[in-house]
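# Architecture at a glance
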Amino acid sequence: MMTTVAFAEVPTPVGPFVLAVTEVGLVASGWGTRPQVNDRLGLAEVHDSDRTAFAVAELNAYFAGDLKTFETPVDWRLMSGSRLRVLQALHKIPYGTAVTYGELATRSGSSVPARGIGSIMGSNPIPIVVPCHRVIAGNGLGGFSGGEGVETKRWLLTHEGYLQPTLLDL
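Presented here is a report on the structure given in the accompanying data block. These numbers come from a predicted model, not from an experiment.

The next subject is the overall build of the chain. Check the secondary structure of the chain and you find six helices and six strands. Its helices and strands in sequence order give the chain the pattern β-β-β-α-β-α-α-β-α-α-β-α, from N to C terminus. Its C-alpha radius of gyration of 16 Å places the chain within 12% of the 15 Å reference for a compact globule of 170 residues. Reported as C-alpha extents along the three principal axes, the dimensions of the chain are approximately 45 × 40 × 25 Å. The proportion of buried residues among the 170 residues of the chain is 48%. In the chain, the proportion of contacts linking residues at least 24 apart, taken out of those at least 6 apart, comes to 57%.

Below you can see the structure in the form of structure tokens.
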């Protein structure tokens, strides 16, 4: 059976966001354009707004402040081994909370050191739904490769109530 992917481009408060959904579930998402995401996947593209509708509705509800837990099915095919275990553990980190890189390493049950966790976060193919923004350094926010970098991470953590708004947010 050949697998296909349908795309949706969603405007969000942190920039345009692309969702890629296979027959199994959300396989990739991120900032940028559909061609940039599709180049990583190598799957035949179909135009199927019904397939992407649930993921789009959940993303919009998240940004509206009405959704705290994504129920969009995830297609984990782009991950394996320790990377898969780390990202599946990350997927369980609740809205409005954060863990350190070291805590995520422990929760995943993998032998990946904290520094390696940061590398896995930087290559997460499904940001926001698999919430790499909820992983912080022991001494601050740490890095973030999505959107506008650390400012996007700060915005997401503030949106979820983990961080208090600054005067710039008011």
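A sheet is described by the order of its strands in space; here four strands give the open sequence 3-2-1-4, paired in mixed fashion. Strand pairing shows two members of the sheet lacking a second neighbour, strand 3 (26–31) and strand 4 (44–46), which therefore form its edges. Across the sheet, the axes of successive neighbouring strands diverge by a mean angle of 30°, strand direction being ignored. By the bridge criterion, three bridges tie strand 1 (residues 4–10) to strand 4 in an arrangement that is parallel.

Further remarks concern the pattern of salt bridges. Under the definition given, this model contains five salt bridges. Measuring nitrogen to oxygen at the nearest pair gives 3.7 Å for the salt bridge that ties Arg 51 to Glu 23. Placement of Arg 51 in helix 2 (residues 49–63) and of Glu 23 in the loop between strand 2 (17–21) and strand 3 is noted, with a sequence separation of 28 residues between them. By relative accessible area, which is 39% here, Glu 23 ends up partly exposed. We note a salt bridge from Glu 151 to Arg 154, for which the minimum N-O separation is 3.0 Å. Of this pair, Glu 151 and Arg 154 both sit in helix 6 (residues 150–159), three residues apart, which is roughly one turn of that helix. With a relative accessible area of 45%, Glu 151 lands in the partly exposed category. Within the structure, one salt-bridge network assembled from shared partners comprises Glu 23, Asp 48 and Arg 51.

Ranked by internal contacts, the top residues of the largest apolar core, which has 38 residues, are Leu 59, Tyr 62, Leu 90, Leu 104, Ile 117, Met 121 and Ile 128. The set of elements that each furnish at least two residues to this core consists of strand 2, helix 2, helix 3 (81–90), helix 4 (101–108) and helix 5 (114–122). Ranked by the residues each element gives to this core, the list is headed by helix 3, at five residues. Once you skip the residues sitting within four places of it in the chain, Ile 117 turns out to touch Val 86, Tyr 101, Leu 104, Ala 105 and Val 112. Core analysis: the next-biggest nonpolar cluster, separate from the first, contains eight residues, Val 5, Val 18, Leu 41 and Leu 43 among them.

Quick notes on the rules
Residues numbered from 1 in each chain as written. Predicted model: local features only at pLDDT ≥ 70, side-chain atom pairs only at ≥ 80, totals over all residues. Heavy atoms only, no water. Helix = DSSP H or I, 4+ residues; strand = E, 2+ residues; numbered from the N terminus. Rg over C-alpha atoms; globule rule 2.2 N^0.38 Å. Buried < 20%, exposed > 50% of the residue type's maximum accessible area, 1.4 Å probe, protein only. Contact = heavy atoms within 4.5 Å. Pairing = 2+ DSSP bridges. Axes fitted to C-alpha atoms, helices over the stretch in contact; angles between N-to-C directions. Salt bridge = Lys/Arg side-chain N within 4 Å of Asp/Glu carboxyl O. Core = buried A, V, L, I, M, F, W, Y, C linked by side-chain atoms within 4.5 Å.

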